[in-house]
There are 2 protein chains.
Amino acid sequence: MHDRRLAARAGELKPSAVRELLKHSKLPGVISLGGGIPAPELFDTEGLNLAVQQVMNGRFNDAFQYGLTEGYPPLRQAVSELCQARGVDCPASHVYITSGSQQSLDIVARTLLDPGDAIVVERPTYLAALQVFQLAQANILSVDTNDDGMLVEQLADLLETTRVKAVYLVPTFGNPGGKTLSEARRRRLVELAKKHDFVIIEDDPYGEISFTDEVRRPLYQHAVELGCVDQVVYTSTFSKILAPGMRIGWIVMPDWLAQQTVIVKQAADLHTNMLSQVITAEYLSMNRLEKQIALIREDYRKKCVALADALESQLGEHLEFSRPKGGMFLWARFRYPFDTMEWMKKTLENGVVYVPGEAFYNDNPDTRTLRLSYSTVSADGLMTAVERLAKSL
Amino acid sequence: MHDRRLAARAGELKPSAVRELLKHSKLPGVISLGGGIPAPELFDTEGLNLAVQQVMNGRFNDAFQYGLTEGYPPLRQAVSELCQARGVDCPASHVYITSGSQQSLDIVARTLLDPGDAIVVERPTYLAALQVFQLAQANILSVDTNDDGMLVEQLADLLETTRVKAVYLVPTFGNPGGKTLSEARRRRLVELAKKHDFVIIEDDPYGEISFTDEVRRPLYQHAVELGCVDQVVYTSTFSKILAPGMRIGWIVMPDWLAQQTVIVKQAADLHTNMLSQVITAEYLSMNRLEKQIALIREDYRKKCVALADALESQLGEHLEFSRPKGGMFLWARFRYPFDTMEWMKKTLENGVVYVPGEAFYNDNPDTRTLRLSYSTVSADGLMTAVERLAKSL
């Protein structure tokens, strides 16, 4: 009889029911509003081909040999410049390259969180972040959100009674809610961090995908102004603006945290894939990214409008939602008691899937909610998808 | 005043003193016998270029889009065939692609080990495995080794009094010792696993780099014969036989462990770099790997002989060692009390570095020992290196 006892932290993780359901999304004829994946026709094929060619001709050994745990130095430099353009004014020495945002969260959580440490997330929040914090055996607490993002005053109340180690949020065009934290709340959140001595994990995968010219200032920048930037961990990724298959993300973090996080990263995978790092550095040197992001913005904006218009005209009596100002997701909620998990069995029969909102809650799931992703479906496809949703009611 | 308390598991990890010392190994004129890195002139530049070209022309979207956590299906298939040729007769469904061997160990440790669980390693053992088990807060126990690898009877004694969750070893051309576990001990180890109900983690990065035609049967194969293959986790990598910069390794593991390990992998980095996976699958389909491995074997064999000959003739009175039959490392020991960590300051002045053996011990370090890597230095360079070592005495 073999010892099949798994570690408690791993044993607690459940294979997601959503994941099982979404497996059907690849059936022929099914339109998927489920995945959070970028539109492949917006990959810069020409630019990536050029970058790969340059690397194979001129940087072969850098790309195929072992590298440094902290990341490929020219990429760290290029990322720090990209960050500065976003208002995250950090030196290259504070930039650490990771195998994507998911790994950024995991290695920071492993470095920062002991079992039982309290971490606050948004309600709803990014599904895979919940997995990371569960794996760290943290005490996960949720704070509600509205159209202006996290209800920071609710957090303030919580802080009066509870010692919080860190707050995790996607402040701009959040996943799944599509919400953006207002400037006033950003300021207040950073003030609370300073007062109550917790770390802010600012996850920013979608910030560049804005449908307007409105400028949102990163929490990092507020923290610089308030003199507490060493309490902010800023993470971002090339997955949504360049290509997710290369798995390149990064962390901007202060020295006190970085030193041990780098050791954890070394234990986790020695270092991030060099081939992808060198290609990304080469690509960034070509100054094509900005133009590419403009194309992505415009494409997703049009799709988002198409989806929102169709929902409003065909399902407006049933669903309420705010129009996203950026990102990849529209978050909707039934106007009456409803179970979107159960409903998906029916919509799947009619050829359309989404993600039931309850997947994004740590506790008290709102079963009326659902996340609709518009990034990979054409405007016509989105209209058909909404017709199919309507037919399923 | 900010909360700079790190998680206990991360706080326990020390930046390696060796790593600090080895930073000097890149000084001009210094010959490094320190790194465990493959010779870049043995990368199959032509084959990798062809594979990359094929991928960019025919598999672009596979390479740049998100992928499955378990790995790219054609690569899982190709790896299972490669495994079968090694005597690891596994279906593709038991092969899981990782971001290198280091990640294989990390995600298996996170899934399998609770804090305090006993894991047995060889004395000396692979440095970065120690880091992984420390991060899992396991109770690490060491069993001695000799020329035939781990002293399995010492393990048997230990098992009489101690509940052991897993045994980790590099049975073929080990790192750092360069030792290979004898067939009799392999059998006995698997029998013990069956009797005492522990998991064997068989780490095999170097098995293909044999200097002779002698065949060593994997522990996995013994376990198949003894009917306990679901107690063996087999890990390997393309880092030493193709290119480490792509960070592609794999795990062969039974379903009872795989299910949760895949969830941990998903939380750790969603999935392994697709670009590298697709390139590796394409490369394997070209049937060039076997020829490439033959070149690596012959090159490393010659270098190993050059190093061993030089050591014998110039330092034979001072050092004892066994000639490796494969792999990348020669493990030597002073014949009298000696501190190789201290000595390195002197050898560095004379322009040569190695890794002091004490880095590879979990406890009771033998300060007389040192690891010499011959993979990246020419035969002439190795002779010069040994002259410099001799001069440093």
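In this report, we go over the structure that sits alongside the text. (Residues numbered from 1 in each chain as written. Chains lettered and ligands numbered in written order. Predicted model: local features only at pLDDT ≥ 70, side-chain atom pairs only at ≥ 80, totals over all residues. Heavy atoms only, no water.)

Let's talk about the pattern of salt bridges
As a reminder, the rule being used: Within this document, salt bridges are pairs made up of a side-chain nitrogen of Lys or Arg and a carboxyl oxygen of Asp or Glu, the two lying within 4 Å of each other. Secondary structure is summarised from DSSP: a helix means a run of H or I of at least four residues, a strand means a run of E of at least two, and numbering begins at the N terminus for each. Each residue is placed in one exposure class: buried if its accessible area under a 1.4 Å probe, protein chains only, is under 20% of its type's maximum, exposed if it is over 50%, and partly exposed if it falls in between.
With the rule as written, the count across this model stands at 53 salt bridges over all chains. Between R163 of chain A and D197 of chain A there is a salt bridge, with the nearest N and O atoms lying 3.9 Å from each other. Here the residue R163 of chain A occupies a position in the loop between α8 (152-161) and β6 (166-169), and D197 of chain A occupies one in the loop between α9 (183-196) and β7 (199-203), the gap between them amounting to 34 residues. Note on D197 of chain A: relative accessible area 15%, which makes it buried. If you follow the salt bridges from partner to partner, you end up with R5 of chain A together with D114, D117 and K165 of chain B in one network.

A closer look at the environment of P176 of chain B
If you trace the backbone, P176 of chain B turns up in the loop between β6 (166-169) and α9 (183-196). Considering only alpha carbons, one finds P176 of chain B and L127 of chain B, 49 residues apart in sequence, at a separation of 8.4 Å.

Considering helix α3 (residues 45-58) of chain B
The condition that has to hold: Expected span of a helix, by definition, is 1.5 Å for each gap between consecutive residues, and there is one gap fewer than residues. Only heavy atoms matter for contacts: two residues are in contact if any of them lie within 4.5 Å across the pair.
Relative to the 20 Å expected for 14 residues at 1.5 Å per residue, α3 of chain B spans 20 Å between its end C-alpha atoms, a close match to the ideal helical length. Those residues of α3 of chain B hidden inside the fold are in contact with α3 (45-58) and α4 (60-64) of chain A together with α4 (60-64) and α12 (274-285) of chain B.

Let's talk about the pairing of strand β11 (residues 329-334) of chain A
On a regular strand, one side chain projects to one face of the sheet and the next to the other, so that they alternate. All names here are of chain A. Quick reminder of the rule: Two strands are said to pair when DSSP picks up at least two bridges between them.
Extensive coverage of β11 is indicated by the burial of five of its six residues. Relative to β11, strand β10 (residues 319-321) runs antiparallel, the two sharing three bridges. Paired with F321 across the two strands is A332, which belongs to β11.

Considerations on the sheet that holds β6 of chain B
Residues and elements named next belong to chain B. Judged by pairing direction, the sheet is mixed, and its eight strands sit side by side in the order β2-β9-β8-β7-β6-β3-β4-β5 without closing on themselves. A single partner strand is all that each edge strand has here, and the edge strands are β2 (95-98) and β5 (149-150). Bridge count for strand β3 (residues 118-123) against strand β4 (residues 139-146) is six bridges, and the pairing is parallel. Of the residues in β4, the one forming a bridge with V121 is S142.

Quick notes on unusual backbone geometry
R123 of chain A connects to P124 of chain A through a cis peptide bond whose omega is 0 degrees. Counting through the fold element by element, P124 of chain A comes out in the loop between β3 (118-123) and α7 (127-135).

Digging into the interface of chain A and chain B
Worth spelling out the cut-off: Note on terms: buried area is the combined drop in 1.4 Å-probe accessible area of two parts once they are placed together, counting the loss on both. By the criterion applied in these results, polar contacts are pairs of N or O atoms within 3.5 Å in which, for protein atoms, one can donate a hydrogen and the other can accept it, and in which residues neighboring in sequence qualify only through two side-chain atoms.
With 80 residues of chain A in contact, the opposing surface of chain B contributes 80 residues. Carbon and sulfur atoms supply 53% of the area buried between chain A and chain B, which totals about 7,100 Å² over both sides. Among the residues chain A hides against chain B, the three largest losses belong to F64, Y66 and R110 of chain A. Together they make up 10% of the total. Across the chain A-chain B interface, the total number found is six salt bridges. A salt bridge links D117 of chain A to R5 of chain B, with the shortest nitrogen-to-oxygen separation between them at 3.5 Å. The interface formed by chain A and chain B includes 31 residue pairs in polar contact (both at pLDDT 80 or more).

Remarks on the sheet that holds strand β14 (residues 369-373) of chain A
Residues and elements named next belong to chain A. The condition that has to hold: Every axis in this analysis is a line fitted to C-alpha atoms, fitted for helices over the stretch in contact. Angles between the N-to-C directions lie between 0 and 180 degrees.
Strand order in this open sheet of four strands is β10-β11-β14-β13, and the pairing throughout is antiparallel. Because the sheet does not close on itself, it has two edges, and the strands there are β10 and β13 (355-356). Relative to β14, β13 runs antiparallel, the two sharing two bridges. Residue pairing across strands places V355 opposite R371, the latter belonging to β14. Against the sheet, helix α13 (residues 289-315) touches β10, β11 and β14, its axis set at about 145 degrees to β10.

As for the relation of the copies chain A and chain B
How we decide: Superposition of the copies used a least-squares fit over C-alpha atoms from residues whose pLDDT is at least 70 in both.
Once chain A is rotated about the relating axis by 180 degrees and shifted along it by 0.0 Å, it coincides with chain B to within an RMSD of 0.0 Å. With respect to symmetry, the two chain copies, as superposed, fit the operation of a two-fold axis. Using C-alpha coordinates, one finds that chain A approaches the rotation axis most closely at N273 of chain A, a distance of 3.7 Å. Looking at chain A, 100% of its interface residues are interface residues in chain B too, so the copies touch through the same face.

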